[in-house]
Amino acid sequence: MSWRCPYNRCEGNGFVYDEEKNIATDCDCRSQMIAQNRASRLRARIPKKYAHVDFATPPVTDMPPAVVRVVKRYVEQLNERLNAGRGLWFEGPQGTGKTTLAMLVSKHALATGRSTAIYSVPRILSEMRNTFDDDAEFGSMELIDRLTEVELLQLDDLGAERTSPWVLEQLYSVINARYEAERSILVTTNLGREALIEQVGARTVSRLTEMCDVIPLYGEDRRLTASMGGLAPGGAAPQPSVSWNSPAPGANLETPRWDTPAAPEQRAVTPAGPPSWWDRRDPWPPVAEDALQGSTRRTPSDT
Ligand SMILES: Nc1ncnc2c1ncn2[C@@H]1O[C@H](COP(=O)(O)OP(=O)(O)OP(=O)(O)O)[C@@H](O)[C@H]1O
Ligand SMILES: [Mg+2]
Ligand SMILES: [Zn+2]
């Protein structure tokens, strides 16, 4: 988005260049520019439910250490990762902490002044539809431009949208524009790769694959176990029927794993598929020993 320097010192990019010394320094307008960026019409608020997420407190401290480590490293290297357009792709059944971890990253990005937009995919699509209203503040191209320019875009619940050719085109436009501009994306999805390709199309998934490191989150639905805990006699939380089994056997948390073909069972997954399915796709993806260090892995037969 275009910013006009209120001091007429910079060209609207927040930097003043000293050509003699060949250095750039922050313009006085820079913090305002960033604030304006953040406050611009995109959604950049962490919802109340996730406002206090932190590496040091539950539920993050209850999550698989190998997964948390990868997210933590991303946050520690946030500037480099955002500058390089690298993102994260959280995949797994419902209630396993995907949005929590994505919000944690967005929260850090916002705190360090990186412009960030946070949307569920159904919501972003509804805003795109709104751009066709007569009283729309800006058109669909401008919305896509804004969604492209923001330094970090969190797209929650990819694959949960009702699909149509228009929807596919919009998702492709946003993701492809960010791909070309090398800008980071955080994705959360309930779908495995094959199901996601069916839902949003191969071109879109292919770009996300290149842009993001995949973080698989498997296990029981923590919303469900929390509510069952409240009902159990004596308040004791019942043992989940499916083991907390993340990272998946073979999850190589350091590199995208899509160079291996999907297991046949993966194609059967649906957004509402039971978590037990995720434990059955052993032994895919291939295991990286160090990714599993510090996390105990159980199989369904252990429970
Ligand atoms: N490992 C965990 N331990 C304890 N609570 C957890 C854990 N993972 C998630 N939760 C809790 O479960 C709830 C759902 O978490 P979250 O919204 O991050 O799930 P999600 O994976 O994004 O689910 P969905 O796919 O349905 O969007 C939250 O209340 C969160 O605090
Ligand atoms: Mg979620
Ligand atoms: Zn300026």
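These figures come from a predicted structure and were not determined experimentally.

Conventions used here
Residues numbered from 1 in each chain as written. Chains lettered and ligands numbered in written order. Predicted model: local features only at pLDDT ≥ 70, side-chain atom pairs only at ≥ 80, totals over all residues. Helix = DSSP H or I, 4+ residues; strand = E, 2+ residues; numbered from the N terminus. Contact = placed C-beta atoms within 7 Å. Near = placed C-beta within 6 Å. Nonpolar A, V, L, I, M, F, W, Y, C, P; charged D, E, K, R; others polar. Buried ≥ 20, exposed ≤ 12 C-beta atoms within 10 Å, placed from the backbone. Pairing = 2+ DSSP bridges. Expected span 1.5 Å × (residues − 1). Axes fitted to C-alpha atoms, helices over the stretch in contact; angles between N-to-C directions. Parallel < 35°, antiparallel > 145°, perpendicular 65-115°, else oblique. Left-handed = near helix turned anticlockwise from the far one by under 90°.

Chemist: Outline the overall build of the protein, listing residues and values.
Modeler: Along its length, the protein carries twelve helices and seven strands. Here the analysis covers contacts within the protein between residues at least 6 apart in sequence; of these, 79% occur between residues at least 24 apart.

Chemist: Could you give me a rundown of the site of ligand 1, with the residues and numbers involved?
Modeler: Close to ligand 1 lie 15 residues, the nearest being Pro-59, Gln-94, Gly-97, Thr-99 and Thr-100. Of all the secondary-structure elements, those providing two or more residues to the shell around ligand 1 are helix 4 (98-111) and helix 10 (222-231). Of the residues forming the shell around ligand 1, the biggest block, three residues, is contributed by helix 4. For the shell around ligand 1, the class distribution of residues is two nonpolar, eight polar and five charged.

Chemist: Can you break down the pairing of strand 7 (residues 212-216) residue by residue, with the values?
Modeler: Counting buried positions along strand 7 yields four of five residues, so the element is predominantly enclosed. Where strand 3 (residues 87-91) lies against strand 7, five bridges are found, and the strand directions are parallel. Bridging across to strand 7, Trp-89 finds its partner in Val-214.

Chemist: I'd like a rundown of unusual backbone geometry, residues and numbers included.
Modeler: It is generally the case that most residues other than glycine have a negative phi and that most peptide bonds are trans. Cis peptide bonds are those with omega within 30 degrees of zero, and the linkage from Pro-58 to Pro-59 qualifies with 5°. Within the secondary structure, Pro-59 is located in the loop between helix 1 (30-39) and helix 2 (65-76). With a phi angle near 50°, Asn-8 is a residue other than glycine that sits in the positive phi range. Among the structural elements, Asn-8 can be located in the segment before strand 1 (15-18).

Chemist: Which residues make up helix 4, and what values go with them?
Modeler: Under the 1.5 Å per step criterion, the end-to-end length of helix 4 is 20 Å for 14 residues, consistent within 8% with the ideal 20 Å. Within helix 4, ten of the 14 residues are buried, leaving the element largely enclosed by the surrounding structure. Looking only at helix 4, the buried set comprises Lys-98, Thr-99, Thr-100, Leu-101, Ala-102, Met-103, Leu-104, Val-105, Ser-106 and Ala-109. On the buried face of helix 4, the contacting elements are helix 2, helix 3 (78-83), strand 3, strand 4 (116-120), strand 5 (152-158) and strand 6 (184-189).

Chemist: Go over the sheet that holds strand 7, please, and point to the residues and values.
Modeler: Taken in spatial order, the five strands make up an open sheet running 4-5-6-3-7, and their pairing is parallel. With partners counted over all chains shown, the strands left at the sheet margins are strand 4 and strand 7, one partner each. Neighbour-to-neighbour, the strand axes of the sheet open up by a mean angle of 15°, direction not taken into account. Set on the sheet, helix 9 (residues 202-211) makes contact with strand 3, strand 6 and strand 7; between it and strand 6 the angle comes to about 115°.

Chemist: Kindly report on the environment of Leu-171, identifying the contributing residues and their values.
Modeler: Here Leu-171 shows up in helix 7 (residues 165-181). Residue classification places Leu-171 among the buried positions, given that 25 C-beta atoms sit within 10 Å. Here Leu-171 is in contact with Val-200 and Thr-204, once residues within four sequence places are set aside.

Chemist: So, the environment of Gly-201: which residues are in play, and what are the values?
Modeler: Secondary-structure assignment places Gly-201 in the loop between helix 8 (193-200) and helix 9. Distance in space between the C-alpha atoms of Gly-201 and Tyr-172 is 8.4 Å, their sequence separation being 29 residues. Contacts of Gly-201, omitting those with residues within four sequence positions, involve Leu-168 and Tyr-172.

Chemist: Tell me what's going on with the packing of helix 2 against helix 4, and back it up with residues and numbers.
Modeler: The N-to-C vectors of helix 2 and helix 4 enclose an angle of 15°; their axes lie 10 Å apart at closest approach. On the basis of their axis angle, the class for helix 2 and helix 4 is roughly parallel. Judged by the sense of rotation from one axis to the other, the crossing of helix 2 with helix 4 is right-handed. Across the interface between the two elements, Val-71, Tyr-74 and Val-75 from helix 2 touch Leu-101, Leu-104, Val-105 and His-108 from helix 4.

Chemist: Which residues make up the packing of helix 6 (residues 140-149) against helix 7, and what values go with them?
Modeler: One can describe the packing of helix 6 onto helix 7 by two numbers: an axis separation of 9 Å at closest approach and a directional angle of 45°. On the basis of their axis angle, the class for helix 6 and helix 7 is oblique. For the crossing formed where helix 6 meets helix 7, the hand is right-handed. Only Ser-173, Val-174, Ala-177, Arg-178 and Ala-181 of helix 7 make contact with helix 6, whose side of the interface consists of Ile-144, Leu-147 and Thr-148.

Chemist: Explain the pairing of strand 4 to me, using residue names and the numbers behind them.
Modeler: Along any regular strand, the residues point their side chains to alternate faces of the sheet. Within strand 4, four of the five residues are buried, leaving the element largely enclosed by the surrounding structure. Here five bridges tie strand 4 to strand 5, and the two strands are oriented parallel to one another. When the sheet's bridge partners are listed, Ala-117 is paired in strand 5 with Leu-153.

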